[in-house]
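The chain contents come next:
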Amino acid sequence: MSGFLDSYASTITFMALTGVFAYSFYAVLMAGQLSLAQAGLASAAAFTSSLVVPAEPLFGVIPRLVVGIAVGMTVGAALAFLLGLPVMRLRGVFLAIATLAFGEVVRILLINQSWTGGAEGLSFPKLVGIPQAWLALAVVAYWFWRLGGSRLGRALAAIREDELAAKAMGIDVTRHRMMSFVTSGAVAGLYGVLLAHFVRFADPNAFGFSTAVEGLVTAVVGGTALFIGPLLGSVFLTALPELQRAIGVEAGWIRPFVSGLMLLLVILFLPGGLAALIPHRPGRVGHPDALPDLPPLPAAGTPIASLRAIRKDYGGVHAVHDVDLDIAASEIVGLIGPNGAGKTTLINIVSGLVPPTSGEGTVVGIPVGSGVPAHRIALAGVSRTFQQIKLFDRLSALDNVLVGAHRVSRPTLLRRLILLPSARRDERLALAQAFAQLTRVGLADRARQAAGDLPYGDQRRLEIARALAAHPTLLILDEPAAGMNHVEAHRLSVLIRGLADDGVTILLIEHNVRMVLETCTRVVVLDFGEVIAAGDPATVARDPRVVEAYLGAEDDGAESA
Amino acid sequence: MQQLLNGIFLGSIYALFAIGFTLVFGVLDRLNLAHSAVFSTSAFVGIELVARAGLSIWVTLPIIFVFGGVLGLVIERVAFRPLKGRHDAHFAGLISSIALGAMFLALLQAGFGPDTRRFPPDAFPQQRLEFAGAVVSVLQLVIVVVAFALMVGLTLMVSRSRLGRGMRAVAENPHAALVLGIDVDRITALTFALSSALGGVAGVLFALNVNSAQISMGSSIELKGLAVIIVGGLGSLPGAMLGGLLVGLAEVFAVTYVGSSWRDVIAFGLLFSILLLRPQGIFGARQVREI
Amino acid sequence: MRRLTGSIAGAAVLTLALGACGSGGSSTTGSSGSSALAGSGTGDSCKISRPIPIGAVFSLTGAAASYGESQKKGLELAAAELKTKGGVTYDVKTEDDATDPKQGIAVFERFVTNDKKSLIIGPTLSNTAKQTDPVAQEGKTPVLAVSNTAAGITEIGDYIFRDSLTEGAVIPQTIKAAKDKFGLSKVVVLYSNDDAFTESGYQAFKKALDANGVTITKTITFSKSDTDFRAQLAVAKASAPDALVVSALVEAAVPLVTQAREVGIDAPIIGGNGFNSPKLMAGAGKSADGVVVGAAWNSASSGSENAAFLAAYRAKYSADPDQFAAQAYTGLKLVDVAVRTGCSGERADIKKHLAELKNVPTALGPYTMTATRDADTPAVVQVVQNGKFAVLK
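Definitions and limits used
- Residues numbered from 1 in each chain as written.
- Chains lettered and ligands numbered in written order.
- Predicted model: local features only at pLDDT ≥ 70, side-chain atom pairs only at ≥ 80, totals over all residues.
- Helix = DSSP H or I, 4+ residues; strand = E, 2+ residues; numbered from the N terminus.
- Buried ≥ 20, exposed ≤ 12 C-beta atoms within 10 Å, placed from the backbone.
- Contact = placed C-beta atoms within 7 Å.
- Nonpolar A, V, L, I, M, F, W, Y, C, P; charged D, E, K, R; others polar.
- Pairing = 2+ DSSP bridges.
- Right-handed = clockwise from strand over helix to strand, strands pointing away.
- Domains from an automatic or database assignment.
- Axes fitted to C-alpha atoms, helices over the stretch in contact; angles between N-to-C directions.
- Core = buried A, V, L, I, M, F, W, Y, C linked by C-beta atoms within 7 Å.
- Left-handed = near helix turned anticlockwise from the far one by under 90°.
- Expected span 1.5 Å × (residues − 1).

Caption draft 1: Summary view of the overall build of chain A. Across its full length, chain A carries 21 helices and twelve strands. Principal axes of the C-alpha set define a box for chain A whose edges measure 90 × 50 × 45 Å. Counting all 561 residues of chain A, 57% fall into the buried class. Contacts in chain A between residues at least 24 apart in sequence constitute 75% of all its contacts with a sequence separation of at least 6.

Right under this line is the structure:
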């Protein structure tokens, strides 16, 4: 056995090290960010550690490698933060290219320094072997395992699936993305220090474009949905050339060809990466009973939102023009009007996604247009659904609603890391809240299904459940009955009235006029951005201006959108 | 003046390479990282045609255009078509094109060996011209002219022809295009073919410019190509042209005034500033959608 | 979940184990057959019954593939010639490190532990060697480097040898000869600063130029993968130097020399060891005439060993050899001398006799192993004349 270990020591160690590197990609891919700066970050960390690793254990006790790792991870995290500041607003390909460019700049900077040895590189003492590498990998993997079931982990997954919806659920997207960036930097720094102290050498060229691409490939091949993915990817890709060597594939062009082919096959036929091969046992579907302690909702009649002279202009178009709106607790306010009347724009203003051009008012106590970001308004108690359903498609229905419960649940990651039971309790409370909402909309039996797989009507209801999980003061529904038949729309109407009875205030956009008349306590009609009528439903429905602009003759009025 | 011309010549090749990238990205929203392998492969095949088969360079260029096109069809069919409709199509496409590119390069080594290839000495007229105190070779002029002709031709084709209209429709909204009866698959295939055809010609021109082709010649230009399309605007054809020239000029001036060690830093610095100040690039129309 | 992780890791390890068993390593405990690789006689009359296992690690794919290919050819030529000699047979296995140090380390481990090679030749790149050679040193397996020229290679340990002259050993001679011939007072230095070899060449050039009182008016860097140097050459030209001093690999040297002549730089070009390849003349044609090259191998030498090498190489491969091939070829020949001297293929014996090599006639010239296990062969300053290398007079 020891002979085997000796002849494969490096391969086994590299499996762990490239696994660590792959985790640094996983950290950002979890949040849907394609960042390729990790190679440069690892490089900077490795070389910086060469400056600080002492010849003897620090204070006689702290191992040299630990000093190196601490410094390396700090450097990696700090540089990632600095890089993140300017690139945080980039997405997709732009982000990838910007981070790639950063990596190249780091490489060139380091090559031109004399303290790195330039192209000739630097020697390092050997401080890392199989135990250290696998221990580091285990710690990193543990972190990501615990992250998976935590509130933070769900928030990152939500951001990956749909950033805007995540924002509307109260998640500070920018902060979370930066957190995943910094984590990725720290893990990349760890990799750099470990690698240099294993192979006894580092030169800036070893951390270039192709290294970054290799790390990305490892992470994607392993799979980015499950925490074990990067480990699988690294085992597979590290073993591949050695396997080819072992089974006698001749040295030369055939090996890179076979490697490329294997990679292609995995990507084409295993969409979730190697991690998808692991049969996913859905967790226990316990039905916890204890609901979290939630603050009482405001008493009926309390002013919730009050807007004056709100205007929104897009170029020359007056999307919203001089609108006044008042909403009091337990009201169900219906907002109707022809397409393009400005309804969605108005609720975007109310929920803080869009600032008004002028006008003033408050929503749940926060002044409108004050620059308060949308997620803060969500955290203050405003929840919403969207006209084109914005669910987190690849997450289960339950997970979707759990993200909705972000506002009323407590962060659990740090406690999960040390396996504190209070974390488990808080998770169960969040779970209870989520289940309660699923039950409320009648989807409790679909809890484990992926949201993207649900039928249309269920998806609409799921979105409502998700919005409810936040225990909102004001719930905004944007065309929740779109595409529903009479029966479903009626059921929805009953649900909505039940919510108002529970104390939730509702602002509702709908084209289904019959449903609006049935459900709402008050109706506001918009046309060309202006309020043309407001009042109790029956009166508004008879208003000639409203009939002219929108309702048409009586029998047309019952059409759903 | 000499440096200005150097920058223009260098930039025109960068532009020709980048325009293939930006075409695929603009129409199909995909980044094709096998483009550099097409670049290298076409250079080798071009040299082979001139050296072994004795063909003139003027005949070789159109042949390579077609050859590149065929490679593009293969890339689309093998690396991108199977991923249609998949949630992670973006990442997966990146990686599948990387994998396919690696396979191409391995085959290239199998066929030609790992050594550098060169054109035979008499493949191209060697004359040099004087222009405003600078020395220019006929070859460089031809390269610029061919590159620009191709790019202008492409721009015209996209804006005037039926294929171009189809491409623009697919770029705007593939679903709507499908519903309107446009054969999206065919447009996709043709876009890749066209992009790779241009990349192939760029490879041969590049090899002519420096009289050498190496297996790894694609990777360094690939990074520059990415910088170019960002600077010019993703999806914008005139942007790729202008971006290429800008990057080429920036590099040359960096060498002259800053110091050649920092040459690439300048190019990437330019990239960074564009991304931060004007992320859609100089001509890009696509807004970096925040909402 | 933990069980699954465990079983997957276990499966991977199992697969590797199967692979290990399958690769035919002689996994018998080594010490019992300790005299199996020793024989009787000495020198040409030495007879060893078992073939001596030699492992070679070259970059056959990846960025350094063109050098690895040359080395493999040189090595195989030497192996073929040694086969006909008789008495001692060598089992030479060449492996590819794909220009990836990780794979290099893995192969070295295999050679040292599993396959129990008596000696390892390679790897191609110095920066890889800094990572792989310690494995051999710890495993007490001699390594003969045939292309590593960086500092810090033989320092790794007493089992590490090399037959490749460093730039530091070659360049001082080059500069002195060039100064004497051309009367240099100011030069422009160009080099690729992202390659360890050319970086070491630059350091050597700088030192030698300073020592000879030659002023460096401008230092221009480029990237080793560059092929368009017009911008840099325009800057160089503006400085009107007496000569261009270039530390570059041959891939860059060819276009650099060609373009230098194109843009009108007529000053002499002085190159380092990277220029020492027939590819220079093949690629740059007429432009290469007059280029001065400091070389660790005199390709024009008519010494009997070299003449025989050139003839045999041309006959087998229909092409001229370059320095990589010459050094790899010589490497195996040196190993043969060391084995026959002690008439033993055991690692410790080979190590002992490699260290003692003195004035061995080789294609590189008379070879002596220095006390620091580096090569001592006559360096030469060459000049390109009529498409061939000639010694600079």
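Caption draft 2: Layout of the interface of chain B and chain C. At the junction of the two partners, chain B supplies 25 residues and chain C supplies 26 residues. When residues of the side of chain B that touches chain C are traced back to their parent elements, those giving at least two are α1 (2-28), β2 (134-137), α8 (184-210) and α10 (237-258) of chain B. The biggest single contributor to the side of chain B that touches chain C is α1 of chain B, with four residues. Looking at the side of chain B that touches chain C residue by residue, the class counts come to seven nonpolar, 16 polar and two charged.

Caption draft 3: Broad picture of unusual backbone geometry. That bond from Gly122 of chain C to Pro123 of chain C is cis: its omega, -10 degrees, falls within 30 degrees of zero. Of note, Pro123 of chain C is situated in the loop between β3 (119-121) and α4 (126-138). The phi angle at Asn211 of chain B is positive, at roughly 45 degrees, despite the residue not being glycine. For Asn211 of chain B, a count of 24 C-beta atoms within 10 Å corresponds to the buried category. Despite not being glycine, Cys343 of chain C has its phi angle at roughly 45 degrees, a positive value. Structurally, Cys343 of chain C is set in the loop between α11 (323-342) and α12 (347-355).

Caption draft 4: Representation of the pairing of strand β7 (residues 215-222) of chain C. All names here are of chain C. As defined by bridge partners, strand β6 (residues 186-192) adjoins β7 across seven bridges and the pair is classed as parallel. Pairing of Tyr191 across the sheet is with Thr221, part of β7. As a crossover connection, the stretch from β6 through helix α6 (residues 196-211) into β7 is right-handed.

Caption draft 5: Broad picture of the domain arrangement of chain A. Residues and elements named next belong to chain A. According to the domain assignment, chain A consists of domain 1 (2-277), domain 2 (293-378 + 478-561) and domain 3 (382-471). Inter-centroid distance (C-alpha atoms) of domain 1 to domain 3 is 32 Å. Between domain 1 and domain 3, the contact holds 18 residues from the first and 20 residues from the second. Those elements that provide at least two residues to the side of domain 1 that touches domain 3 are α5 (130-148), α6 (151-161) and α7 (163-168).

Caption draft 6: Region of the structure containing the sheet that holds strand β5 (residues 160-162) of chain C. Residues and elements named next belong to chain C. Reading across the sheet, the five strands line up as β2-β1-β3-β4-β5 and stay open at both edges, with parallel pairing between neighbours. Each end of this open sheet is capped by a strand with a single partner; those strands are β2 (90-96) and β5. The sheet shows a mean angle of 25 degrees between the axes of neighbouring strands, direction not considered. In this sheet, strand β4 (residues 143-145) lies alongside β3 in parallel orientation, the contact comprising two bridges. By the bridge assignment for β4, Ile120 is matched with Val143. Its contacts with the sheet place helix α3 (residues 101-114) against β1 (52-58), β2 and β3, and it is angled at close to 175 degrees to β1.

Caption draft 7: The arrangement of the interface of chain C and chain A in detail. Opposite the 39 residues of chain C that make contact, chain A presents 36 residues. Elements with a contribution of two residues or more to the side of chain C that touches chain A: α1 (2-22), β2, α3, α4 and α6 of chain C. Across the side of chain C that touches chain A, the residue classes tally to 14 nonpolar, 16 polar and nine charged.

Caption draft 8: Looking closely at the sheet that holds strand β14 (residues 380-385) of chain C. Residues and elements named next belong to chain C. Strands sit in the order β7-β6-β8-β9-β10-β14-β15 across an open sheet of seven strands; the sheet is mixed. Taken across any chain shown, the strands that pair with only one partner, and hence form the sheet edges, are β7 and β15 (388-391). In this sheet, neighbouring strand axes are inclined to one another by 25 degrees on average, regardless of whether the strands run parallel or antiparallel. Where β14 lies against β15, four bridges are found, and the strand directions are antiparallel. In the sheet register, Val384 faces β15, and the bridge partner there is Phe389. The sheet contacts of α6 involve β6, β7 and β8 (243-247), and relative to β6 the element is tilted by about 165 degrees.

Caption draft 9: Structural view of the pairing of strand β10 (residues 505-509) of chain A. All names here are of chain A. Most of β10 sits out of view: five of its five residues are buried. The sheet contact formed by strand β5 (residues 332-336) and β10 spans four bridges and is parallel. In the strand pairing of β10, Gly334 is matched with Leu508. Read as a crossover between parallel neighbours, the route from strand β9 (residues 474-478) over helix α18 (residues 486-501) to β10 is right-handed.

Caption draft 10: Fine view of the nonpolar core. Ranked by internal contacts, the top residues of the largest apolar core, which has 433 residues, are Val20 of chain A together with Leu16 of chain B. Ranked by residues supplied to this core, first place goes to α1 of chain B with 16 residues. With residues up to four places along the chain from it excluded, the contact list for Val20 of chain A reads Ala136, Leu137, Val140, Val187, Leu190, Tyr191 and Leu194 of chain A.

Caption draft 11: Fine view of the packing of helix α9 (residues 217-232) of chain B against helix α11 (residues 263-277) of chain B. Residues and elements named next belong to chain B. At their nearest, the axes of α9 and α11 sit 9 Å apart, and the two run at 35 degrees to each other. Once α9 is placed against α11, the crossing between them reads as left-handed. Residue-level contacts link Lys224, Ala227, Ile230 and Val231 of α9 to Ala267, Phe268, Leu270, Leu271, Ile274 and Leu275 of α11. Broken down by class, the residue content of the contact of α9 with α11 amounts to nine nonpolar, no polar and one charged.

Caption draft 12: Highlighting helix α2 (residues 35-51) of chain B. Taking 1.5 Å as the rise per residue, α2 of chain B with 17 residues should run 24 Å; its terminal C-alpha atoms sit 24 Å apart, in good agreement. Counting buried residues along α2 of chain B, 15 of its 17 residues qualify, which places the element largely inside the surrounding structure.

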